[in-house]
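Take a look at the letters that make up each chain.
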Amino acid sequence: MERTYVMVKPDGVQRQLVGEIISRFERKGLKIAGLKLMQIPRSLAEEHYGEHKGKSFFAPLVDYITSGPVVAMVLEGKDAVSTAREMMGATNPLQAAPGTIRGTYGMDIGRNVIHGSDSPASAEREINLFFRPEELVSYDRSLDRWIYE
Ligand code: IDP
């Protein structure tokens, strides 16, 4: 099983989409391995988005992601990274397929509601940035045999 890092961004929290978004992942069959509400310190935001440093949208992006609380989570399941990314849709919500999270709830690339790791390597890096090992929980779900063959 693979783990991915997913985060409801400040606009998603302000728009009261947290329950709706978590519900989608739960219904899909992804398992919550870590979950918390947090205010991201600027230094952590800059590290998380380090690959975009120097780009024109870097400063607005850091302002945006630190503008209010986020809901950080670790989701576990078969191909969790790509599965969660598919459910989120394209970075620009206007190009995201209808029915995806960004396609359903977003209008602007600078307010695209949700983040998800883009590769297993990014997932490992981001999980370690946002969660201490003891904040992640391993447990069995009795319905797993109804989700996985
Ligand atoms: P991703 O979130 O779909 O992985 P990335 O290219 O890694 O997309 O960009 C990270 C975040 O930076 C995006 O989710 C979006 O919030 C923001 N972003 C990316 N490109 C732009 C842009 O051209 N203008 C404004 N914000 C952008």
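Residues numbered from 1 in each chain as written. Predicted model: local features only at pLDDT ≥ 70, side-chain atom pairs only at ≥ 80, totals over all residues. Heavy atoms only, no water.

Caption draft 1: Focus on the overall build of the protein. Scanning the protein from terminus to terminus reveals eight helices and four strands. Start at the N end of the protein and walk to the C end: the helices and strands fall as β-α-α-β-α-α-β-α-α-β-α-α. Relative to the globule expectation of 15 Å for 149 residues, the C-alpha radius of gyration of the protein, 15 Å, shows essentially globular dimensions. Dimensions of the protein, computed from C-alpha atoms along their principal axes, come out at roughly 45 × 35 × 25 Å. A burial count over the protein gives 48% of its 149 residues as buried. Across the protein, the fraction of contacts at a sequence separation of at least 24, relative to all contacts at a separation of at least 6, is 78%. Seen as two clouds, the 19 positive and the 20 negative side-chain charges of the protein have centres 3 Å apart. (Helix = DSSP H or I, 4+ residues; strand = E, 2+ residues; numbered from the N terminus. Rg over C-alpha atoms; globule rule 2.2 N^0.38 Å. Buried < 20%, exposed > 50% of the residue type's maximum accessible area, 1.4 Å probe, protein only. Contact = heavy atoms within 4.5 Å. Lys, Arg positive; Asp, Glu negative; His and termini not counted. Charge placed at Lys NZ, Arg CZ, Asp CG, Glu CD.)

Caption draft 2: Spatial organisation of unusual backbone geometry. Of note, Gln 16 is a non-glycine position whose phi angle comes to about 60°, a positive value. The backbone of Val 113 sits at a positive phi, close to 75°, despite the residue not being glycine. In this fold, Val 113 is placed in the loop between α6 (101-105) and β4 (114-116).

Caption draft 3: A nonpolar patch on the surface, seen in detail. On the surface, Leu 143, Trp 146 and Ile 147 cluster together to form a nonpolar patch covering roughly 340 Å² of accessible area. Positionally, Trp 146 belongs in helix α8 (residues 144-147). (Patch = residues over 30% accessible without salt bridge, like charges linked within 9 Å, V, L, I, M, F, W, Y side chains within 5 Å. Areas by Shrake-Rupley, 256 points an atom, 1.4 Å probe, with all protein chains shown as cover. Salt bridge = Lys/Arg side-chain N within 4 Å of Asp/Glu carboxyl O.)

Caption draft 4: Structural view of the UniProt feature "binding site: ATP" (unreviewed entry) in the protein. If you check UniProt for "binding site: ATP" (unreviewed entry), the listed places come out as Lys 9, Phe 57, Arg 85, Thr 91, Arg 102 and Asn 112 in our numbering. Narrowing the list just given to those that line the largest pocket leaves Lys 9, Phe 57, Arg 85, Thr 91, Arg 102 and Asn 112. With respect to the helices and strands, the residue Arg 102 is situated in helix α6. Owing to a relative accessible area of 5%, Arg 102 belongs among the buried residues under this scheme. Among all residues touching Arg 102, those that are not within four sequence positions of it are Lys 9, Met 88, Gly 89, Ala 90, Thr 91, Pro 93, Ala 96, Asn 112, Ile 114 and His 115. You can see Asn 112 is positioned in the loop between α6 and β4. On the basis of relative accessibility, which here comes to 3%, the residue Asn 112 falls in the buried class. Apart from the residues within four sequence positions on either side, Asn 112 is in contact with Lys 9, Asp 11, Tyr 64, Thr 91, Pro 93 and Arg 102. Within the local environment of Asn 112, its side chain forms a polar contact with the backbone oxygen of Thr 91, the two atoms lying 3.1 Å apart. (UniProt positions renumbered as here; feature names shortened; annotations may be inferred. 1 Å grid on protein atoms, 1.4 Å probe; cavity = no way out; pocket = protein on both sides within 12 Å on 5 of 7 lines; lining within 4 Å. Polar contact = N/O pair within 3.5 Å; in protein donor to acceptor, adjacent residues only side chain to side chain.)

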